[in-house]
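As a plain string of letters, each chain reads:
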Amino acid sequence: MTVDRSTLISFLTNNFDVVKDDINDDTPLFSTGVLDSFGMIELVGFIEKTAGIKFGVLDLNLENLDSINRVIHYVDAKTAR
Amino acid sequence: MYLQNLYDLVSKNLPELKSTTALTFGKTKITYGELDESCRALAAWLVSQDVQRGDRIGIYVSKSIEEVIVTFACAYIGAVFVNISSQRNAAQVAHVIENCNIGILVTDLRRWRHISEASGAQLKRVLLLRGEAGDPITVSYDQAIALGANASPVRPTALVDTELAALLYTSGSTGLPKGVMLSHDNILKSAIASARHLENSAEDRVLGLSPLSFDFGLNQVTSMFLVGGSVALQAVAMPAEIVNTVLEQGVTGLGLVPTSWVLLLRYLDEAPNQFPDLRYVTNTGGKLPPQALDALERHFGEKKIFLMYGQTEAFRSTFLPPNLFAAKKGAIGYPLPNAEIFVVDPVNGLCGRGESGELIHRGSFVCMGYWKDPDATAHKIKANQHLVDLIGHEKVVHTGDIVSVDADGCMWYVGRNDLMIKCSGFRMSPTEIEDIVCREPLIEEAVAFGVDHEEFGQVVHLAVGGNQLTDDHLPDIMKFCRSEMPSYMMPHKLAIWNGPFPVTAHGKIDRPKVVNALRESQLTVA
């Protein structure tokens, strides 16, 4: 499975207090508190499992994780290497 | 200036520190003068909404400067602020709102949408920090501030220092979250004790990552206001973001829960940093694992390291002075200023050196009790028969934490005398978790327990039983848990127990047997 828009949205809506209408591809997930520190660990676990990549601790930042678009961009860059 | 209520912490900085920064959040800054102005405006709006001294105001928002303003506006008029952790879910928020009869809630549009169904009927007014809902019950924060600023100013309400200032919801040993009642005096004395032992001054700026619904997060703000320092508020617990804020904002004091420490220390192993402005580091929400203590010494050996121990019902009890860190690594140390600590064995009484018993806390931080729960209060805060000759029948906090006293009188945390589970600073009782999961119709009984976990301290494992249950139900049960439980309560391991749970001679569930069976993984795991 790949990490794309629809897998991310279904992960977020199935696992967190998130409704589809609440978020778009650029909605900040962490800086506005949609996801908390537990959410971070779960989201990272989901991405690692789904995309078959490993998150380094240095990669845990808003640039890579704060929106659906940023996650997709990060995963693309990581898998392209 | 004489400090009698919480708002005095803001007033005492005026006019000298009027233009000094009190809070930062990202690139936004607010001075003590601006803080005072906003608090007064919001206080005037609250009064216009007929809020009376002693009324409870709910604050359910993510980290923000506005959260602090609302909190101190409540203190200004003698209303009781109830900061609700943003990690709680709709059902828990509804419980809090109902339990302490909150009439006005401060939240944001997204959270309001989630809780309006469960809690809407109970609320009179909802103040929205972000977004507009367009319904008559809600009003935007900016509008309220503008209305309040134009209304005739209200004077601070004259309060007594022993009256209720705040409710902090935490789990008791059974059932739903309980509101720990903190007086103005409790919070002021905690601020003074913190500032004293951490040697805080107006030069200090602490990282405010812990929520105000945690005693530590609230204390960070009150102790900085006490000394005229500032708080760099931070919403995100990601290690890179913590490092950025500490560097950019010139943070001098860094206090984190174990979960955040573990991640940050791993980050620093790969990308070390000197943090030139940082003066001290400290922990809250549970003890640090041994590897983290080593890493803390590796990365912060040049700074002061304060290890701390405390419980919401008595704020903080002990700390390990930095000069003893190397010799007593991992100890919880000695009593905080203005706290007296007794270690008591239920049978043999007061413990001496080399012995262990329950940590009992005496002093000004001892809370007023649990809101509308006299039984739980009487169980936790009471006289101790072994101390009667020393302090009479003075009420002291029975922490339920077992500590040992070494040959130097230094205390070490041993464990709990009950089954409480602590995950990333959140305390919960197995009963609370079991009661929730048993609301799923197929589940007849359940056993929840804590298992040590590197990042979270402990996590929940859960065994459920029921005649009709099969492994096919596991995904649905997990889904049920997700909808009913806050994230820290979610089981990391879920198993179906085939047949009835084993029982003891007294007919109670034999918990150790269930725990051992689950540890050895003889069961299906989700």
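Just above, that's the structure.
Every value quoted in this text rests on a predicted model; they were computed, and no experiment measured them.

It is worth spelling out the overall build of chain A at this point. A count of helices and strands for chain A gives four helices and zero strands. When the helices and strands of chain A are placed in sequence order, the string is α-α-α-α. Relative to the globule expectation of 12 Å for 81 residues, the C-alpha radius of gyration of chain A, 12 Å, shows essentially globular dimensions. Here the C-alpha coordinates of chain A stretch approximately 35 × 25 × 20 Å along the principal axes. Per-residue burial over chain A gives 35% buried out of 81 residues. Expressed as a percentage of contacts within chain A between residues at least 6 apart in sequence, the contacts between residues at least 24 apart total 60%.

A count of helical and extended segments in chain B gives 16 helices and 28 strands. Within chain B, buried positions represent 52% of all 526 residues.

Another aspect to go through is the environment of Asn15(A). Take Asn15(A): it is sitting in helix α1 (residues 5-15). For Asn15(A) and Leu65(A), which are 50 residues apart along the polypeptide, the C-alpha to C-alpha distance reads 16 Å. For Asn15(A), the contacting residues outside a window of four places in its chain are Glu42(A) and Arg482(B).

Our focus in this paragraph is the interface of chain A and chain B. Each side of the interface is counted separately: chain A has 18 residues, and chain B has 24 residues. For the side of chain A that touches chain B, the leading source of residues is helix α2 (residues 37-51) of chain A, giving five residues. When the residues that make up the side of chain A that touches chain B are grouped by side-chain class, the tally is eight nonpolar, seven polar and three charged.

Residue and element names in this part refer to chain B. Within the largest apolar cluster, 154 residues are counted, with the highest numbers of intra-cluster contacts made by Leu 42, Ile 57, Phe 72, Ala 73 and Val 80. Beyond its immediate stretch of four places on either side in the chain, Phe 72 contacts Leu 6, Tyr 7, Val 10 and Cys 39. With 30 residues, the next largest nonpolar core counts Val 464, Ile 477, Met 485 and Leu 494 among its residues.

Position of Val515(B) relative to the elements: it lies in helix α16 (residues 511-519). Considering only alpha carbons, one finds Val515(B) and Phe342(B), 173 residues apart in sequence, at a separation of 32 Å.

The next thing to look at is unusual backbone geometry. Residues and elements named next belong to chain B. Along the chain, Leu 14 connects to Pro 15 via a cis peptide bond; the corresponding omega equals 0 degrees. Tracing the chain through its elements places Pro 15 in the loop between α1 (8-11) and β1 (21-25). Unusually for a residue other than glycine, Asn 101 sits at a positive phi of about 55 degrees. Among the structural elements, Asn 101 can be located in the loop between α4 (90-99) and β5 (104-107).

With that settled, consider the packing of helix α9 (residues 239-248) of chain B against helix α10 (residues 258-270) of chain B. Residue and element names in this part refer to chain B. Running from N to C, α9 and α10 point in directions that differ by 80 degrees, and their axes come no closer than 9 Å. By the criterion of interaxial angle, the relationship of α9 to α10 is roughly perpendicular. Across the interface between the two elements, Pro 239, Ala 240, Ile 242 and Val 243 of α9 pack against Leu 263, Leu 264 and Tyr 267 of α10.

Attention now moves to the pairing of β5(B). Residue and element names in this part refer to chain B. Across the two faces of β5 the burial is the same, with Ile 104 and Val 106 and Leu 105 and Thr 107 all buried. Bridge analysis of strand β3 (residues 56-59) against β5 gives three bridges, and the strand direction is parallel. Residue pairing in the sheet places Ile 57 in a bridge with Ile 104 of β5. One ladder, built from four bridges, connects β5 with strand β6 (residues 125-128); its direction is parallel. Each residue of the ladder has a partner; that of Val 106, found in β6, is Leu 127. Crossover handedness for the path β5 to helix α5 (residues 109-119) to β6: right-handed.

Moving on: the pairing of strand β11 (residues 230-233) of chain B. All names here are of chain B. Burial of the side chains of β11 extends over both faces: Ser 230 and Ala 232 are buried on one face and Val 231 and Leu 233 on the other. Bridge count between strand β10 (residues 205-208) and β11: four bridges; the pairing is parallel. From the neighbouring strand, Gly 208 faces β11, where its bridge partner is Leu 233. Handedness of the crossover joining β10 and β11 through helix α8 (residues 215-227): right-handed.

The subject of this paragraph is the sheet that holds strand β28 (residues 491-497) of chain B. Residue and element names in this part refer to chain B. In spatial order, the strands read β26-β27-β28; together these three strands make up an open sheet with mixed pairing. Unpaired on one side and paired on the other, β26 (445-453) and β28 mark the two borders of the sheet. For this sheet, the mean inter-axis angle between neighbouring strands, taken without regard to orientation, is 20 degrees. In the sheet, β26 pairs with strand β27 (residues 457-465) via nine bridges, with the strands oriented antiparallel. Bridged to Val 447 within β27 is Ala 463.

Residue and element names in this part refer to chain B. Within the element layout of this structure, Glu 355 appears in the loop between β18 (349-350) and β19 (356-363). In this structure Glu 355 comes out as exposed when scored by C-beta crowding, with 12 C-beta atoms within 10 Å. Sequence-wise, Glu 355 and Asp 406 are 51 residues apart; in three dimensions their C-alpha atoms are separated by 7.5 Å. Glu 355 has contacts with Asp 345 and Val 405, leaving out every residue within four places of it along the chain.

In this section: the packing of α4(B) against α5(B). Residue and element names in this part refer to chain B. The N-to-C vectors of α4 and α5 enclose an angle of 55 degrees; their axes lie 9 Å apart at closest approach. Classified by the interaxial angle, the pair formed by α4 and α5 is oblique. The two elements α4 and α5 meet at a crossing, and its hand is right-handed. Here α4 contributes Ala 90, Ala 91, Val 93, Ala 94 and Ile 97 to the contact with α5, which in turn contributes His 114, Ile 115, Ala 118 and Ser 119.

What counts and what doesn't
- Residues numbered from 1 in each chain as written.
- Chains lettered and ligands numbered in written order.
- Predicted model: local features only at pLDDT ≥ 70, side-chain atom pairs only at ≥ 80, totals over all residues.
- Helix = DSSP H or I, 4+ residues; strand = E, 2+ residues; numbered from the N terminus.
- Rg over C-alpha atoms; globule rule 2.2 N^0.38 Å.
- Buried ≥ 20, exposed ≤ 12 C-beta atoms within 10 Å, placed from the backbone.
- Contact = placed C-beta atoms within 7 Å.
- Nonpolar A, V, L, I, M, F, W, Y, C, P; charged D, E, K, R; others polar.
- Core = buried A, V, L, I, M, F, W, Y, C linked by C-beta atoms within 7 Å.
- Axes fitted to C-alpha atoms, helices over the stretch in contact; angles between N-to-C directions.
- Parallel < 35°, antiparallel > 145°, perpendicular 65-115°, else oblique.
- Pairing = 2+ DSSP bridges.
- Right-handed = clockwise from strand over helix to strand, strands pointing away.
- Left-handed = near helix turned anticlockwise from the far one by under 90°.

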